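Breakdown of the fold
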Amino acid sequence: MSQLDHCYNIADLRNVAKKRLPRGVFDYIDKGTEDMMSLSNNLNVMREIKLLNKVITDISDVKLDANIFDRPAAMPLAIAPTGTAGLAWYEGEFELAKAAARAGVPFTLATGSNTPMEKLANEAGGRLWMQLYMWKEKDYSDELVKKAARNGFEALLWTVDIGHGANREHNLRNGFATPYVLNTKSLIDMLIHPVWLSCVMGRYFLNGGMPRHVNYPKGYQMPITGNVSKLEDKKPTTKRADKLSWDDVDRLRDIFPGKLLIKGIMRPDDAAEAIEHGVDGIVISNHGGRNMDSAPAPVQVLPEIVRAVNGKMTVFVDSGIRRGSDIVKCLALGADAVLAGRATLYGTAAGGEAGAVKAISLLKDEMKRTMAYIGTQRVTEIDDDVIWNNPLNS
Ligand SMILES: Cc1cc2nc3c(=O)[nH]c(=O)nc-3n(C[C@H](O)[C@H](O)[C@H](O)COP(=O)(O)O)c2cc1C
C-alpha cells in the first residue's frame, strides 16, 4: 500500500507533502504572506458558507460534467498555475499536466515553471493553458505568448495581481528565495530530506543540472540558484512590468488567437473593463492569499462581480478550494468553474502524477456527494438557493 492510499482528503495529502519536502519548499507552497490574514480568511469564509440539504428527491444520476469554453470537462475545475511545482516533484508541472489530462480538466503552466512548454505540448496530452507574467521588456512577454500559440496552448492566462512583489517573510526566515539562495539553513533543510534531495534535485542533476526557469526569455533563464548579483537591479526576481494599461490587453488579444483570461480581478469595474477589451474570462483570485494580505476572499467579491459580468464572459474563481463542497459553494455563488492551486500541488508533492490524480478524484468525489445532499444532479443547476442565510448577499 502506498502512502497515497492512506490519504482520504486534501489535508492528508498536505501532511505527506509536509514530511517529504524541505521546510523552505513546503512553506513556500503552503503559506501566504505577511500575517497570513488573506490565506486564513480564504479558508474561513469558505467554511462559513453553509449549504441546505434537499431531501426526498432523485439523486440517482448526479453528474459533474461541465463545459469550459464550449468544450467538455469532467468537472468545473482547472488546475491553477503554480510556479514551484518543479520543486515539489521532478518536473512536477509535467506530472500535474498528465494528471489533469487523465482527469479530463484543463491544466495551466506557470511562466516560472521548470518544464519546457514544448514538452507539455508534445507529451502531456489534455487541455493546456499558459500563464503569463509580463516583463518590463514587453517584447519578451510577446515572445512567450507567440510560442504558447505555436505550441497549441488553448488559453493564455495573464496574471495581474502581483503589485511590487509579495512580502513573504517566512521565505526569508527559511532561506528560501527564487532564485534559490543556498545558505547553511537551506542546505541543512535539504540534507535532512534525502528522499527529496535524490528524487527531485538528484534527477535534475542527472538530466542537465539545476532546475531552470526554462520558459523565461533567454536572458533571464538562470538556474534557480542564479547569481543574483549579476542582475542589473540585484533583486532576486525578474523584472516584471510595473507600468501596465488596458492597451496591454489589446496587444495580447491581437497576438494570441486562443482564449484570453485575466487572473487576479477583484473588482466589478475591472471585470467590466475586461469585457470591453474582448477578454474571454477572468479568474477572481487573491493568489491564494499570497500577495496582498489585506485582500478579501475571492468568494466574498464573487457575487457582485458575477452581477457586473452578467454572463458576458466566463468567470472562474480560486483561492481556498480544499474540498469538493467548496467548488459547489463557488458555483452556487455564480462562478462558472474554479481553479485549484495548493490542493493539487500537495497531491503532486505527495506522489507526482498519481498524487495529483488522487487530489482531483478526492475533490470530485466530495463534490458529487455534496451535489447529492443538495439534491442537484447537474452542475448547471447549482444555484444560490442552496446557500443557507447567504452571508454574502448584499
Ligand atoms: C506554490 C504556489 C505557486 C504559485 N505560482 C503562481 C504563478 O506562478 N502564477 C500565478 O498566476 N499564480 C501562482 N500561484 C497562485 C495560484 O495560481 C492560485 O491563484 C492559488 O494557489 C489559489 O489558491 P489555493 O492555493 O488556495 O487554491 C501560486 C500558488 C502557489 C501555492
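Only a predicted model underlies this, so the values are computations on that prediction, with no experimental measurement involved.

This part covers the overall build of the protein chain. Looking only at helices and strands, one finds 15 helices and 12 strands in the protein chain. For the protein chain, the spread of C-alpha atoms along the three principal axes comes to 65 × 55 × 40 Å. Expressed as a percentage of its 394 residues, the buried residues of the protein chain come to 56%. Long-range contacts, defined here as pairs at least 24 residues apart, represent 73% of the contacts in the protein chain between residues at least 6 apart. Entry remark: accessible area of the protein chain is about 17,100 Å², with carbon and sulfur atoms responsible for 50%. Side chains of the protein chain give 49 positive and 48 negative charges; the mean places of these two sets differ by 6 Å.

Below, the discussion takes up helix α3 (residues 37–48). When the terminal C-alpha atoms of α3 are compared, their 16 Å separation across 12 residues agrees well with the 16 Å that a helix rising 1.5 Å per residue should span. Those residues of α3 that sit buried are Ser38, Leu39, Asn42, Val45 and Met46. Angularly, the buried residues of α3 cover 140 degrees about the axis, an arc narrow enough to put them on a single face. Pointing more than 90 degrees away from the buried face of α3 are the exposed residues Arg47 and Glu48. Summarising the contacts, the buried residues of α3 are in contact with α2 (23–30), α13 (298–309), α14 (324–332) and α15 (342–373).

Surveying the vicinity of the ligand reveals 23 residues, the closest of which are Pro81, Gly83, Thr159, Asp318 and Gly320. Here an oxygen atom of the ligand sits 2.7 Å away from a polar atom, N or O, in the main chain of Pro81. Note that a nitrogen atom of the ligand is positioned 2.9 Å from one of the side-chain N or O atoms of Tyr133. Only α2 and α15 provide two or more residues apiece to the shell around the ligand. Split into classes, the residues belonging to the shell around the ligand amount to 7 nonpolar, 11 polar and 5 charged.

For the protein chain, mean pLDDT is 93; residues scoring 70 or higher make up 93% of the total. Highest mean pLDDT in the protein chain belongs to strand β4 (residues 77–79) (99); lowest belongs to helix α8 (residues 169–174) (84). Low pLDDT (under 50) marks residues 227–236, which in the prediction has 12 contacts with non-local residues, meaning those over four places away or in another chain.

Here the focus is the environment of Ala149. Of note, Ala149 is situated in helix α7 (residues 138–150). Remark: the alpha-carbon pair of Ala149 and Ile255, spanning 106 residues in sequence, is separated by 8.6 Å.

Leu13, Met75, Phe107, Ile282, Ile284, Ile327 and Met367 are the most contacted members of the largest nonpolar core, which has 106 residues in total. Sort the elements by how many residues they give to this core and α15 lands first, with 13 residues. Contact partners of Ile327, with chain neighbours within four places excluded, come to Met75, Pro76, Leu77, Ile321, Val338, Leu363 and Met367. Judged by nonpolar contacts, the second largest core, of 13 residues, contains Phe69, Ala78, Val283 and Leu339.

On strand β11 (residues 337–340), burial covers both faces: Ala337 and Leu339 on one face and Val338 and Ala340 on the other are all buried. Of the strand pairs in this sheet, β4 and β11 are connected by 3 bridges, and their pairing is parallel. When the bridges of β11 are listed, Ile79 appears paired with Ala340. As defined by bridge partners, strand β10 (residues 314–317) adjoins β11 across 2 bridges and the pair is classed as parallel. Bridge pairing links Val317 to Val338 in β11. Each parallel crossover has a hand, and the one from β10 via α14 to β11 is right-handed.

This paragraph deals with the pattern of salt bridges. Under the defined criterion, the tally for this structure stands at 20 salt bridges. The salt bridge involving Glu95 is made with Lys98; its shortest N-O contact spans 3.4 Å. Of the two residues, Glu95 and Lys98 are both situated in helix α5 (residues 92–103); the distance of 3 residues between them amounts to about one turn of the helix. The class of Glu95 is buried, set by a relative accessible area of 13%. In this structure, Glu366 and Arg323 form a salt bridge, with 2.8 Å as the shortest nitrogen-oxygen distance. Placement of Glu366 in helix α15 and of Arg323 in the loop between β10 and α14 is noted, with a sequence separation of 43 residues between them. With a relative accessible area of 38%, Arg323 lands in the partly exposed category. Put simply, Glu95, Lys98, Arg102 and Glu353 are held in one network by salt bridges that share partners.

Here is what the cut-offs are and how they apply
Residues numbered from 1 in each chain as written. Predicted model: local features only at pLDDT ≥ 70, side-chain atom pairs only at ≥ 80, totals over all residues. Heavy atoms only, no water. Helix = DSSP H or I, 4+ residues; strand = E, 2+ residues; numbered from the N terminus. Buried < 20%, exposed > 50% of the residue type's maximum accessible area, 1.4 Å probe, protein only. Contact = heavy atoms within 4.5 Å. Areas by Shrake-Rupley, 256 points an atom, 1.4 Å probe, with all protein chains shown as cover. Lys, Arg positive; Asp, Glu negative; His and termini not counted. Charge placed at Lys NZ, Arg CZ, Asp CG, Glu CD. Expected span 1.5 Å × (residues − 1). Arc of directions from axis to C-beta. Near = heavy atom within 4 Å. Polar contact = N/O pair within 3.5 Å; in protein donor to acceptor, adjacent residues only side chain to side chain. Nonpolar A, V, L, I, M, F, W, Y, C, P; charged D, E, K, R; others polar. pLDDT = per-residue confidence, 0-100. Core = buried A, V, L, I, M, F, W, Y, C linked by side-chain atoms within 4.5 Å. Pairing = 2+ DSSP bridges. Right-handed = clockwise from strand over helix to strand, strands pointing away. Salt bridge = Lys/Arg side-chain N within 4 Å of Asp/Glu carboxyl O.

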